[in-house]
Amino acid sequence: MTRTHRLAAAASLSLGLSLGLSAGAAQAEDAITVVSWGGAYTASQVEAFHKPFTEKTGIVIQSTDYDGNVAPVKAQTLSGNVTWDVVDVELPDAIRLCDEGALELIDAAALSPAPDGTPAEEDFLDGTLYDCAVANVIWATVTAYNSTAFDGNAPTTIADFFDLDAFPGKRGMRKTARSNLEMALMADGVAPEDVYQLLETKEGRDRAFAKLDTIKDSVVWWDAGAQPPQLLADGEVVMTTAFNGRIFNAVHGEGQPFEIVWDGQVWDIDLWVIPAGTPKKAQAMEFIRFATGTEAMANQLSLIAYGPTRASALPLIGTHPDYGVEMLPNVPNAEANLTTALKTDPLFWADFSVELEQQFNAWLVD
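Residues numbered from 1 in each chain as written. Predicted model: local features only at pLDDT ≥ 70, side-chain atom pairs only at ≥ 80, totals over all residues. Heavy atoms only, no water.

Engineer: Just checking my understanding: could you explain the packing of helix H3 (residues 91–99) against helix H13 (residues 346–365) for this structure?
Structural biologist: Between two packed helices, both the angle of their axes relative to each other and the distance between the axes serve to describe the pair. At a closest axis distance of 8 Å, the pairing of H3 and H13 adopts a crossing angle of 65°. Crossing of H3 against H13: the hand is right-handed. Judged by residue contacts, Leu-91, Pro-92, Ile-95 and Arg-96 of H3 engage Pro-346, Leu-347, Trp-349, Ala-350 and Ser-353 from H13. Broken down by class, the residue content of the contact of H3 with H13 amounts to seven nonpolar, one polar and one charged. (Axes fitted to C-alpha atoms, helices over the stretch in contact; angles between N-to-C directions. Helix = DSSP H or I, 4+ residues; strand = E, 2+ residues; numbered from the N terminus. Left-handed = near helix turned anticlockwise from the far one by under 90°. Contact = heavy atoms within 4.5 Å. Nonpolar A, V, L, I, M, F, W, Y, C, P; charged D, E, K, R; others polar.)

Following this line, the structure appears as structure tokens:
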């Protein structure tokens, strides 16, 4: 299978998108549906994006939560009845949907410049602007543990997650091949830079599944991002993979005794996309322009521990208004957290996700 995709990193597409939605022109009937992941993440979007955007434009945001299943996007575009106007998706899904013609093209030149006038194309980090998508956050799948479960011998590495002798107890893992295979190989001694090359081989995949076999009987599987903190809090597991922002919120918002292990983190980006055929395309693009602006991005990331995709937003990230915690050290792309990190390979997963998810699902029932 070729590894060239229509969703190449964008320069300028000169699509001439109309962004002429002034506050005076926008009316309540211009309401758009914005779909995201729920929990603390969507809550941070509501505060940083939805409320100020509606105040500025008059466009009402109807917020809908989902579990990451993008099948409705394709179904809506095929039926011609598009009811989701903006969707927060993971990168492999953005690549696949764009390849299939299920997304509107987005002109990067139409995005807001940095406060000093730097064009968006120069301000966004490499690999965050695409033909059909604009990255909004950097997030990570990490391992986390309940500190009350271990007495003086806390886990510190990704290998510890797979060590049931030194750290006995149930593990939580997302019910998907993605990130689990990468973490399994890193726990088995594979350097981050060699993971994807190895996963393209039968030998590498066998090695990853063999490592997963070592804890399979002790795994509690989760699907939604809100589940791992709850599994830890309820004592159903002592360690779990999780989205780093969910653990941060549980610790500082709920007082939970959880700790993140950054070793072997798999970091990624989420992106805004517009389903093809939405009758609210102009309003959807106006929302994306607002939500990916420097100030709005920094405002969101002062509320949740994800990293910015714009260079100009990084120095503006401040202290959490409720927790009094400096947010910068808690983001995945903070320098100290990147030492043994792995950046997910979106083209690998765009090409092999169907095959590997089928293999993973067969392994689950074997």
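Following the structure, the description resumes.
Engineer: In this structure, what is going on with the state of the cysteines? I would like to understand it.
Structural biologist: Simply put, the disulfide is a covalent bond whose two ends are the sulfur atoms of two cysteines. Scanning the entire structure with this criterion turns up one disulfide. One disulfide in the model links Cys-98 with Cys-132; its S-S distance is 2.0 Å. Disulfide Cys-98 to Cys-132: torsion about the S-S bond roughly 50°, handedness right-handed. One end of the pair, Cys-98, is in helix H3; the other, Cys-132, is in the loop between helix H4 (120–123) and strand S4 (134–146), and 34 residues separate them in sequence. Here the two residues Cys-98 and Cys-132 agree in accessibility, since each one is buried. (Disulfide = S-S within 2.5 Å. Buried < 20%, exposed > 50% of the residue type's maximum accessible area, 1.4 Å probe, protein only.)

Engineer: Even after reading the chapter, I still don't get the layout of surface pockets, so can you show me in this structure?
Structural biologist: To find leftover empty space, one rolls a probe the size of a water molecule over the atoms. In this structure, the largest pocket encloses a volume near 670 Å³. Lining the largest pocket are 25 residues; nearest its centre among them are Gly-68, Asp-93, Arg-96, Thr-176 and Glu-357. Elements that contribute at least two residues to the lining of the largest pocket include exactly helix H2 (71–79), H3 and H13. With six residues, H13 is the largest single contributor of residues to the lining of the largest pocket. Residue classes in the lining of the largest pocket are distributed as nine nonpolar, five polar and eleven charged. (1 Å grid on protein atoms, 1.4 Å probe; cavity = no way out; pocket = protein on both sides within 12 Å on 5 of 7 lines; lining within 4 Å. Points joined across faces, edges and corners; volume = space filled by probe spheres on them.)

Engineer: Where do I start with the nonpolar core in this structure?
Structural biologist: What tends to happen in soluble globular proteins is that the nonpolar side chains get buried as a cluster. Counting residues in hydrophobic clusters, the biggest one holds 78 residues, and the most contacted among them are Phe-287 and Ile-288. Here the element with the most residues in this core is S4; it accounts for eight residues. Every residue in contact with Phe-287, bar those within four places of it in the chain, is listed here: Ile-32, Val-34, Phe-49, His-50, Phe-53, Ile-61, Val-86 and Trp-272. Of all hydrophobic cores here, the second largest spans 36 residues; its members include Phe-150, Ala-208, Val-238 and Trp-349. (Core = buried A, V, L, I, M, F, W, Y, C linked by side-chain atoms within 4.5 Å.)

Engineer: Looking at this structure, how should I read helix H8 (residues 202–213)?
Structural biologist: Two residues of an α-helix separated by three or four positions point the same way, owing to the 3.6 residues in each turn. The end-to-end C-alpha distance of H8, which contains twelve residues, comes to 16 Å, matching closely the 16 Å that a straight helix rising 1.5 Å per residue would cover. Where H8 is concerned, the buried positions are Gly-204, Arg-205, Ala-208, Phe-209, Lys-211 and Leu-212. In an axial view of H8, the angular spread of the buried residues amounts to 155°, which keeps them on one side of the axis. H8 presents Lys-202 and Glu-203 as exposed residues on the side facing more than 90 degrees away from its buried surface. Elements in contact with the buried residues of H8: strand S5 (171–174), helix H6 (180–187), helix H7 (195–199) and H13. (Expected span 1.5 Å × (residues − 1). Arc of directions from axis to C-beta.)

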